[in-house]
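Below are the chains, spelled out letter by letter.
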Amino acid sequence: MRIEDQPAFILHARAWRETSLLIEAFTRDHGRVGLVARGVRNAKSRFSRASLQPLQPLLLGWSARGELGTLTGAEQTGSSWRLSGDALFAGMYVNELVLRLSSRNDAHPVAFAAYTDCLARLAEDGDIAWTLRRFERDLLADLGYALMLTQTADGAPVEREAPYAYIGDAGPVPWREGSGFVRIAGSALLALDRDEQPAAKDLADLRRLMRALIRDLVGGELNAWTLSSRPIVDAIDQTRKPDAAPDFV
């Protein structure tokens, strides 16, 4: 199989053998794909390292006979987003989400569009936390884990003023102290459903909810939550304060 000019983004790349890279790419029509960029670390490579940077829109080509394909083309397309500081950290978090939650060779064009929109919003210096909650909502929905935001687990409408406990595979239920589940305001659930900017308290509720749901799906912690991805981001961008822990992921 040979693919040409496929809209894509690089999620992750690591050295492989002496001169090559192993790449995980998120593509519009083929989902997440694993590719070998042969000889790209060689000075005479036809691919530049700049053309394989994460968080930039690309057109990729590859040939594949098994699980891993061989990169045959890489071209930057459209306007490049210049993410720095917290926006860059958020972009790396988004990449980790796609890597941990998606399967290879499983197309998710809706999630791809949501990913593209998310990076564009991060580049516009908007509210990073709200941008991430919207992306998490859309990614989970397209992967088959859509949140129940307007009805409780027993079918009753969510009330704006009521507190709820959110049970991962069931949905919201009336809040009871000591339940062990994440507490979230009805107004937060409704704001996420209506795509309306929530109040700061509701946005904090949504962050806790998304963390709990994603933790259950991946079976543990994400690197971005433990700051183990900070050295990577700091090596790319020096505008972040070394001891500043992000409060949006």
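Look up a bit, the structure's there.
Residues numbered from 1 in each chain as written. Predicted model: local features only at pLDDT ≥ 70, side-chain atom pairs only at ≥ 80, totals over all residues. Heavy atoms only, no water.

A.B. asks: Looking at this model, I keep getting lost on the packing of aromatic side chains. Mind explaining?
C.D. replies: Any two aromatic rings considered together are summarised by their centre-to-centre distance and by the angle between their planes. Scanning the entire structure with this criterion turns up six aromatic pairs. With centroids separated by 6.4 Å and ring planes inclined at 75°, the aromatic side chains of Phe89 and Phe248 adopt a geometry described as edge-to-face. Of the two residues, Phe89 sits in helix H1 (residues 85-101) while Phe248 sits in the segment after helix H7 (230-236), which places them 159 residues apart along the sequence. Both residues of the pair, Phe89 and Phe248, belong to the buried class. Three or more aromatic residues link up through ring pairs in this structure, and these residues are Phe9, Phe26, Phe112, Tyr115 and Phe135. Positioned above the aromatic ring of Trp175 is the side chain of Arg183, whose terminal nitrogen or guanidinium carbon lies 5.7 Å from the ring centre. (Phe/Tyr/Trp six-rings, centres within 6.5 Å; stacked < 30°, edge-to-face > 60°. Helix = DSSP H or I, 4+ residues; strand = E, 2+ residues; numbered from the N terminus. Buried < 20%, exposed > 50% of the residue type's maximum accessible area, 1.4 Å probe, protein only. Lys NZ or Arg CZ within 6 Å of the ring centre and 35° of its normal.)

A.B. asks: Could you clarify how one ought to interpret the sheet that holds strand E4 (residues 58-64) in this entry?
C.D. replies: Across a sheet, strands are paired by hydrogen bonds formed along the backbone, either parallel or antiparallel in direction. The strand order E1-E2-E3-E5-E4 describes a closed barrel built from five strands, whose pairing is mixed. In this sheet, adjacent strand axes meet at a mean angle of 55° when their direction is disregarded. In this structure, strand E2 (residues 20-27) lies alongside strand E3 (residues 31-37), joined through seven bridges in antiparallel fashion. Paired with Glu24 across the two strands is Gly34, which belongs to E3. In this fold H1 packs onto strand E1 (2-16), E2 and E3, with an angle of close to 100° to the strand it touches most, E1. (Pairing = 2+ DSSP bridges. Axes fitted to C-alpha atoms, helices over the stretch in contact; angles between N-to-C directions. Contact = heavy atoms within 4.5 Å.)

A.B. asks: Help me out: how do you make sense of helix H2 (residues 109-123) in this one?
C.D. replies: For an α-helix, 3.6 residues make a turn, and residues three or four places apart therefore share a direction. Taking 1.5 Å of rise per residue, 15 residues should cover 21 Å, and H2 covers 21 Å from first to last C-alpha, within 8% of that figure. Within H2, the full set of buried residues consists of Ala111, Phe112, Ala114, Tyr115, Cys118, Leu119, Ala120 and Leu122. For H2, the secondary structure elements touched by its buried residues are E1, E2, H1 and helix H3 (128-142). Just beyond H2, the residue with positive phi is Asp125, at close to 60°. (Expected span 1.5 Å × (residues − 1).)

A.B. asks: Could you clarify how one ought to interpret the pattern of salt bridges in this entry?
C.D. replies: Side chains that differ in charge, positive against negative, can pair when their charged atoms come close. Counting across every chain of the model gives 12 salt bridges. Between Glu96 and Arg100 there is a salt bridge, with the nearest N and O atoms lying 3.7 Å from each other. Residue Glu96 and its partner Arg100 are both found in helix H1; the two are separated by four residues, about one turn of the helix. What makes Glu96 buried here is its relative accessible area of 10%. Residue Arg100 is classed as partly exposed on the basis of its relative accessible area, which comes to 37%. (Salt bridge = Lys/Arg side-chain N within 4 Å of Asp/Glu carboxyl O.)

A.B. asks: Hey, could you run me through unusual backbone geometry in this one?
C.D. replies: Leaving glycine out, the prevailing phi sign among residues is negative, and the prevailing peptide bond configuration is trans. The phi dihedral of Leu55 is positive, around 70°, even though this residue is not glycine. Note that Leu55 resides in the loop between E3 and E4. A positive phi is found at Asp125, a non-glycine position, where the angle reads about 60°. You can call Asp125 exposed: its relative accessible area is 67%.

A.B. asks: Explain the side chain of Ser187 to me, please; I cannot follow it from the model alone.
C.D. replies: With respect to the secondary-structure elements, Ser187 resides in helix H4 (residues 186-194). For Ser187, a relative accessible area of 12% translates into the label buried. Within the local environment of Ser187, its side chain forms a polar contact with the side chain of Asp202, the two groups lying 2.8 Å apart. (Polar contact = N/O pair within 3.5 Å; in protein donor to acceptor, adjacent residues only side chain to side chain.)

A.B. asks: How do you make sense of the packing of H2 against H3 when you look at a structure like this?
C.D. replies: Axes are the key here: two packed helices are described by the angle between their axes and the distance separating the axes. Here H2 crosses H3 at 175°, and the two axes come no closer than 9 Å. Here H3 runs roughly antiparallel to H2, going by the angle between their axes. Across the interface between the two elements, Pro109, Val110, Ala111, Ala114, Tyr115, Cys118, Arg121 and Leu122 of H2 pack against Ile128, Thr131, Leu132, Arg134, Phe135, Asp138, Leu139 and Asp142 of H3. Here the contact of H2 with H3 is built from residues that sort into 11 nonpolar, one polar and four charged. (Parallel < 35°, antiparallel > 145°, perpendicular 65-115°, else oblique. Nonpolar A, V, L, I, M, F, W, Y, C, P; charged D, E, K, R; others polar.)

A.B. asks: Explain helix H5 (residues 200-218) to me, please; I cannot follow it from the model alone.
C.D. replies: Between its first and last C-alpha atoms H5 spans 27 Å; for 19 residues at 1.5 Å apiece the expected length is 27 Å, and the two agree. Restricting attention to buried positions, one finds in H5 the residues Asp202, Leu203, Asp205, Leu206, Leu209, Met210, Arg211, Ala212, Leu213, Ile214 and Val218. For H5, the secondary structure elements touched by its buried residues are H1, H3, strand E6 (163-167), strand E8 (182-185), H4 and helix H6 (223-226). Downstream of H5 by one or two residues, Gly219 has phi in the positive range, about 75°.

A.B. asks: Where do I start with the packing of H1 against H5 in this structure?
C.D. replies: Contact geometry for H1 and H5: axes closest at 10 Å, N-to-C directions at 40°. Considering the angle they form, H1 stands oblique to H5. Every pair of crossing elements has a handedness; the one defined by H1 and H5 is left-handed. The segment H1 lies against H5, with Tyr93, Leu97, Arg100 and Leu101 engaging Ile214, Leu217 and Val218. A breakdown of the residues in the contact of H1 with H5 according to their chemical character gives six nonpolar, no polar and one charged. (Left-handed = near helix turned anticlockwise from the far one by under 90°.)

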